[in-house]
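These are the residues of each chain, in order.
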Amino acid sequence: MASNVEAPERWYLALLGFAEHFRTSSPPKIRLCVHCLQAVFQFKPPQRIEARTHLQLGSVLYHHTKNSELARSHLEKAWFISQQVPQFEDVKFEAASILSELFCQQNLVDSAKPLLRKAIQISQQTPYWHCRLLFQLAQLHTLEKDLVSACDLLGVGAEYARVVGSEYTRALFLLSKGMLLLMERKLGEVHPLLTLCGTIVENWQGNPIQKESLRVFFLVLQVTHYLDAGQVKSVKPCLKQLQQCIQTISTLHDDEILPSNPADLFHWLPKEHMCVLVYLVTVMHSMQAGYLEKAQKYTDKALMQLEKLKMLDCSPILSTFQVILLEHIIMCRLVTGHKATALQEISQVCQLCQQSPRLFTNHAAQLHTLLGLYCISVNCMDNAEAQFTTALRLTTHQELWTYIVTNLASVYIREGNRHQELYSLLERINPDHNFPVSSHCLRAAAFYIRGLLSFFQGRYNEAKRFLRETLKMSNAEDLNRLTACSLVLLGHIFYVLGNHRESNNMVVPAMQLASKIPDMSVQLWSSALLKDLNKALGNNMDAHEAAQMHQNFSQQLLQDHIAACSLPEHNLISWTDGPPPVQIQAQNGPTTSLASLL
């Protein structure tokens, strides 16, 4: 009798051992692994082994093959059989979790939701799985843009974690909810929630890496909240704390001791991912503040780290980080006068988006916005208008919408013959009345656009009022690029009015600031003004030096302009519909006017 009990266990363990050997071979031998697992059913195993084997087969087929129908069949059997076996939670809930992932991959979200709800309902006595399934369903609602349902589930999870004595996982649920509330712009609910999170995080005594990772999550939310509001000076203390926090984490060794509370068995992000994320928010800050060389330095570090991580890890979040980093560095390149490099990086973003439809859906508006900015830089105003119009059609994000409208208004001002469309846009971004977003930076930019229009219309006193408002706001939050642009435009106004001394007082600091950023367009503009100013003041030596500077900047910009327009990627400026083009045909050379640069 004893030998009859031991025999099936021996054959089962042997088959399982072979299957695992084939799965972990290099390269994996998935077909042989599947054969070994399928052989288990030949022995008519008991329900526990049958259910576990269906789960293993479903998991292997889902993760390593394209045979999703067979994977689904095994996972459904594992889920069905495991519900009939008492105390078989791990198999039961893992089957439900993977099966719902597979449903989502097949766009069967309406099948995934009830499955997860049922699993959540029957998992309340299993804290780890109950929390994990709540996170999973909340993520599913988030991907569907149903943030209200996602927030409700995260609230349920936070309360459950409190009841089962897991302050760590309670903080994870609350911070996740805070992230979604920030996305929804429900700032009235965000502030008390972040205050509560701060208290929980500081009071929690546990694994040092878990504690520091909670602090990183908390500080990332605070930093992005400030950056969304365009407050690049106010954010500095939080950003410094965040950078110190990630340095602390990098010195800690991963503690293999498992938490005593199963509800604590979660990590927000791997340490290496957190490191890239901190680089990313530092780049966002440097870009907004106008420290473009610093932005370049941190982008290079982050992209190098990402390349290493992507060799070992195919997590979608890494591609998202890469796209956001590239979006920011592209804007830096356009400001610093490296249009050809920016265009190649725009093409790189297109390639990343081709590999992931979800990535493209989430970043299509940003991609067309970047192309619009590139078009402005090479004086293709019709294409810029088409790109911005496409971006407006694709975005629902208020800050991005306002940013696009501001840039489109600048295109209409330069074209000089689109008065009706221009006034319609300006009415929607009126900085004096019902401005659509709370962003300090975007409101300051809206004042600048008004000042630019008044300057072109010869209404100089009105222009000065708007530009002084921009200066006041940009100085308050260290918005260096807006400060430089406002100073040089004010300098131009005073020059036109014949007030050369006051003009000089504006243009010299504008030039210094533009050199520090560095902003090529403002340097070109400032050097031209300095040349004329010094000539008018009789400072011939200074006038000659400014003329030489202007000539140098013109040559650099002209060469870069020709290089960019000669690239095959330049044809991207005509793409306004559908997914990114797969191949870009070369053309015979630049087709755009260089007059604006000379």
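Under an unreviewed UniProt entry, the name given to the protein chain is MAU2 chromatid cohesion factor homolog, and the source organism is Pogonophryne albipinna. According to its UniProt record, the protein chain has this under Subcellular location (unreviewed entry): "Nucleus, Nucleoplasm". What the UniProt record of the protein chain gives under Sequence similarities (unreviewed entry) is the line "Belongs to the SCC4/mau-2 family."

Caption draft 1: Quick peek at the overall build of the protein chain. When helices and strands are tallied, the protein chain shows 26 helices and zero strands. When each of the 598 residues of the protein chain is scored for burial, the buried share is 52%. Sequence-distant contacts in the protein chain: of pairs separated by 6 or more residues, those separated by 24 or more amount to 63%. In the form shown here, the protein chain has an accessible surface area of approximately 28100 Å², with 53% of it arising from carbon and sulfur atoms. Side-chain charges in the protein chain split into 51 positive and 51 negative, and the spacing between the mean points of these groups amounts to 1 Å.

Caption draft 2: Spatial organisation of the packing of helix 10 (residues 187-203) against helix 11 (residues 208-228). Relative orientation of the contacting elements helix 10 and helix 11 amounts to 155°, with a least axis distance of 10 Å. Between helix 10 and helix 11, the angle falls in the class roughly antiparallel. The two elements helix 10 and helix 11 meet at a crossing, and its hand is left-handed. Side by side, helix 10 and helix 11 meet where Leu187, His191, Leu194, Cys197, Gly198, Val201, Glu202 and Asn203 of the first sit next to Lys211, Leu214, Arg215, Phe218, Leu221, Gln222 and His225 of the second. Per-class residue counts for the contact of helix 10 with helix 11 are seven nonpolar, five polar and three charged.

Caption draft 3: Local environment of the nonpolar core. By size, the foremost hydrophobic cluster in this structure holds 205 residues, and its most contacted members are Val216, Leu242 and Tyr374. With twelve residues, helix 15 (residues 316-336) is the largest single contributor of residues to this core. Apart from the residues lying within four places of it in its own chain, the contact partners of Leu242 are Val216, Leu219, Val220, Val223, Val278 and Val281. Core analysis: the next-biggest nonpolar cluster, separate from the first, contains five residues, Tyr12, Leu15, Val40 and Ile49 among them.

Caption draft 4: Main features of the side chain of Ser286. The residue Ser286 is located in helix 13 (residues 271-289) in this model. Exposure remark for Ser286: the relative accessible area of 0% places this residue in the buried category. Those residues in contact with Ser286 that sit more than four places away from it in its chain are Tyr291, Leu292, Lys294 and Ala295.

What counts and how
Residues numbered from 1 in each chain as written. Predicted model: local features only at pLDDT ≥ 70, side-chain atom pairs only at ≥ 80, totals over all residues. Heavy atoms only, no water. UniProt positions renumbered as here; feature names shortened; annotations may be inferred. Helix = DSSP H or I, 4+ residues; strand = E, 2+ residues; numbered from the N terminus. Buried < 20%, exposed > 50% of the residue type's maximum accessible area, 1.4 Å probe, protein only. Contact = heavy atoms within 4.5 Å. Areas by Shrake-Rupley, 256 points an atom, 1.4 Å probe, with all protein chains shown as cover. Lys, Arg positive; Asp, Glu negative; His and termini not counted. Charge placed at Lys NZ, Arg CZ, Asp CG, Glu CD. Axes fitted to C-alpha atoms, helices over the stretch in contact; angles between N-to-C directions. Parallel < 35°, antiparallel > 145°, perpendicular 65-115°, else oblique. Left-handed = near helix turned anticlockwise from the far one by under 90°. Nonpolar A, V, L, I, M, F, W, Y, C, P; charged D, E, K, R; others polar. Core = buried A, V, L, I, M, F, W, Y, C linked by side-chain atoms within 4.5 Å.

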